Amino acid sequence: MEIKAFPGYPKSDPRFYFSKNKIPGSPLIVFVHFYGGHQKVLKRHIQLVNELGFDAFAYNMPDFAGPKLTLSLYYRKRFGLKHLYAHMLAFFLDQIPGPKIIFGFSNPSAAAIEVIYDRIKENKKDVVGLICDSGPSGAFLRSAWNLAIRVRGQYSLLGFFSFFWSLRQHHEVDNQLKKFPKNFPLLSLRGGSDPIIPPWHIDLLLKKVEGYLRIKTVIFPEAGHLDALKKFPELYHQAVEEWLRELTPSRQ
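Here's what I pulled together on the structure shown here. (Residues numbered from 1 in each chain as written. Predicted model: local features only at pLDDT ≥ 70, side-chain atom pairs only at ≥ 80, totals over all residues. Heavy atoms only, no water.)

**Focus: the nonpolar core**
Logical step 1: Leu89, Ile102, Leu130, Phe161 and Leu177 are the most contacted members of the largest nonpolar core, which has 57 residues in total.
Logical step 2: The dominant element in this core, judged by the number of residues it contributes, is helix 2 (residues 81-93), at 9 residues.
Logical step 3: Contacts of Phe161, omitting those with residues within four sequence positions, involve Tyr35, Phe140, Ala144 and Leu147.
Logical step 4: Of all hydrophobic cores here, the second largest spans 29 residues; its members include Phe54, Phe220, Ala228 and Leu244. (Core = buried A, V, L, I, M, F, W, Y, C linked by side-chain atoms within 4.5 Å. Buried < 20%, exposed > 50% of the residue type's maximum accessible area, 1.4 Å probe, protein only. Helix = DSSP H or I, 4+ residues; strand = E, 2+ residues; numbered from the N terminus. Contact = heavy atoms within 4.5 Å.)

**Here we look at the side chain of Arg190**
Logical step 1: Position of Arg190 among the secondary structure elements: in strand 8 (residues 185-191).
Logical step 2: Taking relative accessible area as the criterion, Arg190 reaches 3% and is therefore assigned buried.

**Let's talk about the environment of Glu122**
Logical step 1: Residue position: Glu122 is located in the loop between helix 3 (109-121) and strand 7 (127-133).
Logical step 2: Taking the C-alpha atoms as reference, Glu122 lies 29 Å from Gln39; in sequence the two are 83 residues apart.

**Some points on the side chain of Arg78**
Logical step 1: Relative to the helices and strands, Arg78 resides in strand 5 (residues 78-79).
Logical step 2: Here Asp118 takes part through its side chain, which lies 2.9 Å from a polar atom of the side chain of Arg78.
Logical step 3: With near-sequence residues (within four places) excluded, Arg78 lies in contact with Leu73, His83, Glu114, Tyr117, Asp118 and Gln176. (Polar contact = N/O pair within 3.5 Å; in protein donor to acceptor, adjacent residues only side chain to side chain.)

**Digging into the pairing of strand 9 (residues 214-220)**
Logical step 1: Alignment of strand 8 against strand 9, held across 7 bridges, turns out to be parallel. Directly across from Pro185, in strand 9, lies its bridge partner Arg214.
Logical step 2: For the segment spanning strand 8, helix 7 (residues 199-206) and strand 9, crossover handedness is right-handed. (Pairing = 2+ DSSP bridges. Right-handed = clockwise from strand over helix to strand, strands pointing away.)

**A closer look at the sheet that holds strand 9**
Logical step 1: Spatially, 1-3-2-6-7-8-9 is the arrangement adopted by the 7 strands of the open sheet, whose pairing is mixed. If you trace the sheet from one side to the other, it starts and ends with strand 1 (15-17) and strand 9, each paired once. The mean inter-strand angle of the sheet, taken between neighbouring strand axes irrespective of direction, is 20 degrees.
Logical step 2: Strand direction decides the pairing type here: strand 7 and strand 8, joined by 4 bridges, are parallel. Directly across from Cys132, in strand 8, lies its bridge partner Ser188.
Logical step 3: Together, strand 2 (28-32), strand 6 (100-105), strand 7, strand 8 and strand 9 form the strand contacts of helix 9 (residues 233-247), whose direction differs from that of strand 8 by roughly 175 degrees. (Axes fitted to C-alpha atoms, helices over the stretch in contact; angles between N-to-C directions.)

Following this line, the structure appears as C-alpha cells:
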C-alpha cells in the first residue's frame, strides 16, 4: 500500500514495518515519535512490536513548522505545533484501513489523544488502543522548562514551546480523554526518574479518568525520559506484550 507524504513535508517519509510472524487480524501499531525524534530512533520499539506479531507504521515529524507548513499549524480551529502533529497523524490514519493502536511518546502523545477524540466525534472507530511512553504532561510549562532549561539549556526553546506548542497547552487533554469510550484501553509507561515529565505530571491528566478508561500504568523506577526500553528491555517487553495480548483475542 502506497501512503502519501504529508503535504508540504516530503521528509515525513511514511513507512510500514511488517512483522515476520504477524498475528492474523492484529491491529496496526502506529508510532507518533517524540519532539526532535525521527522514526529511525524508534528502531527498538518497532522491532519490539514486530517480534510480538504486529505490523508497524511510522513517519517523521518536524521540530518546527517551516514556511510550507505554517498553515498546517491551524487545524480544526486550533493553533500550535501539537495540532500540526495531530493533523499529520489524522492524514496518515485516513489512508490506512483497519484497526490501529497508537504508540505515542512524550508530549506529542497529546496529539494522538486529540486525534482519537476527533475520530470518535466523527464516528470513526479505527483506533482501538493507546500506548503512551513518558507523557503526556498535565503540567506543560513545567515539563517544557525541564526540557528546555534543565536538559538542553536553551531559553529560546522554552519561549518557542510557550507560544507555539498549543494555545491551550495541556488544558484540553483531560476533557478529550473524558470523551473516549468507557473502558478504552490505555497503557501508560513511565520513567520513575524522568527529569522532564515525571510520573506526577502524567497523573495530573490520567488520575481524572481513572475508573472511566481502562488504564494500566507501568513505572520503571530507575528509567528516565524515553529510555525505559533501552535500560530495561525485558521488563518493557513484558509490559507491552501483556497489554497487547489483552487486545488480541487470537493471542490469549
